[in-house]
Every structure is written in C-alpha cells, then in structure tokens.
Amino acid sequence: LEADGSPDAKLAAAEPRMKILSAGRVDARLLSAYASMFAGTEASGATDGPIQGDELKFAQADIAARCEQLLAGMPTTLADDVSALQTCTDDAQRVRLQYRISKKSILAETID
C-alpha cells in the first residue's frame, strides 16, 4: 500500500478483508489482486506496464467463476431459501434464512 496516511491505507486498516459487495460490485483491492495475476502474461497481451482493461476483464471473469463455485457448493439454492423463508415461523431460522439469502444474492449479483 501507499504511505500510511493514504486513503487506501486507511481503508485497508479499517476493513482488512477483501470481498465482493452488494449490487455485483467488487472491492477494488480484490479486483486489483486478481488483475495483477494476469499483468505481464501472454493472456493479457502485454509483458510490462500498468494493469489494463484485459487484465480487469480476466479478473472479473475469475471472480465470477469463484462465486459460481461457492454457490454450487451450498446445500440449498437461493430459490430454496426464499421459498423456505415464506413459510418459516421460527424466528431464529428466519434470521438464518435471511442471512443465507443475502449472501447468495450478493454472490449471484457478482456473476451477472
């Protein structure tokens, strides 16, 4: 990271975890980390210089693929959880379902 007082350093200190966000957004640090894996590779077409559009496209595709893997590994689908929430009467179970729905929705939005 840049100097300790930079906005990026402050962000990393406040929230050290890199993650996907709601509405299909991706933490810029996560996207940059993925994109840097492609920088200077034959896949990017460039062997030096700054991270450019192709690296970002490859990074977004990799992040979307990982989100698909995470969704596929879950025991229930988003639709299953939404359906279960509609008939659930137990408060604790409702909270669990709402959490799972939120998590799966964020993953699904990142894929789109």
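Residues numbered from 1 in each chain as written. Predicted model: local features only at pLDDT ≥ 70, side-chain atom pairs only at ≥ 80, totals over all residues. Heavy atoms only, no water.

> Just to check I follow, could you spell out the overall build of the protein for this structure?
Per the secondary structure count, the protein includes five helices and zero strands. Listing each helix as α and each strand as β along the protein from the N terminus yields α-α-α-α-α. Residues classed as buried in the protein amount to 21% of the 112 residues present. Partitioning the contacts of the protein with sequence separation of at least 6, the portion at a separation of at least 24 is 46%. When the accessible area of the protein is evaluated, it comes to approximately 7500 Å², of which 56% is carbon and sulfur surface. (Helix = DSSP H or I, 4+ residues; strand = E, 2+ residues; numbered from the N terminus. Buried < 20%, exposed > 50% of the residue type's maximum accessible area, 1.4 Å probe, protein only. Contact = heavy atoms within 4.5 Å. Areas by Shrake-Rupley, 256 points an atom, 1.4 Å probe, with all protein chains shown as cover.)

> Is there a simple way to think about the pattern of salt bridges in this case?
Two side chains that carry opposite charge are able to pair once their charged atoms sit near each other. Scanning the entire structure with this criterion turns up two salt bridges. The salt bridge involving R100 is made with D81; its shortest N-O contact spans 2.8 Å. Within this pair, whereas R100 is found in helix α5 (residues 91-111), its partner D81 is found in helix α4 (residues 78-87), the two being separated by 19 residues in sequence. Under the relative-accessibility criterion, R100 is labelled partly exposed at 30%. (Salt bridge = Lys/Arg side-chain N within 4 Å of Asp/Glu carboxyl O.)

> Just to check I follow, could you spell out the environment of F58 for this structure?
Secondary-structure assignment places F58 in helix α3 (residues 53-72). By relative accessible area, which is 28% here, F58 ends up partly exposed. For the pair F58 and L31, spaced 27 residues apart in the sequence, the C-alpha separation amounts to 9.8 Å.

> I keep staring at the environment of D62 and nothing clicks. Help me out?
Position of D62 among the secondary structure elements: in helix α3. Along the chain, D62 and A35 lie 27 residues apart, while their C-alpha atoms are 9.4 Å from each other.

> Could you clarify how one ought to interpret α5 in this entry?
Structurally, the α-helix is built with 3.6 residues per turn, so residues lying three or four positions apart point the same way. Its 21 residues place the ends of α5 30 Å apart at the C-alpha level, agreeing with the 30 Å of an ideal helix rising 1.5 Å per residue. Regarding α5, the residues found buried are L97, I101, K104, L107 and T110. (Expected span 1.5 Å × (residues − 1).)

> Hey, could you run me through the side chain of K104 in this one?
Summarising the element assignment, K104 is placed in helix α5. Using a relative accessible area of 2% as the deciding quantity, one classes K104 as buried. If sequence neighbours within four positions are ignored, K104 has contacts with L71, M74, T76, T77, L78 and D81.

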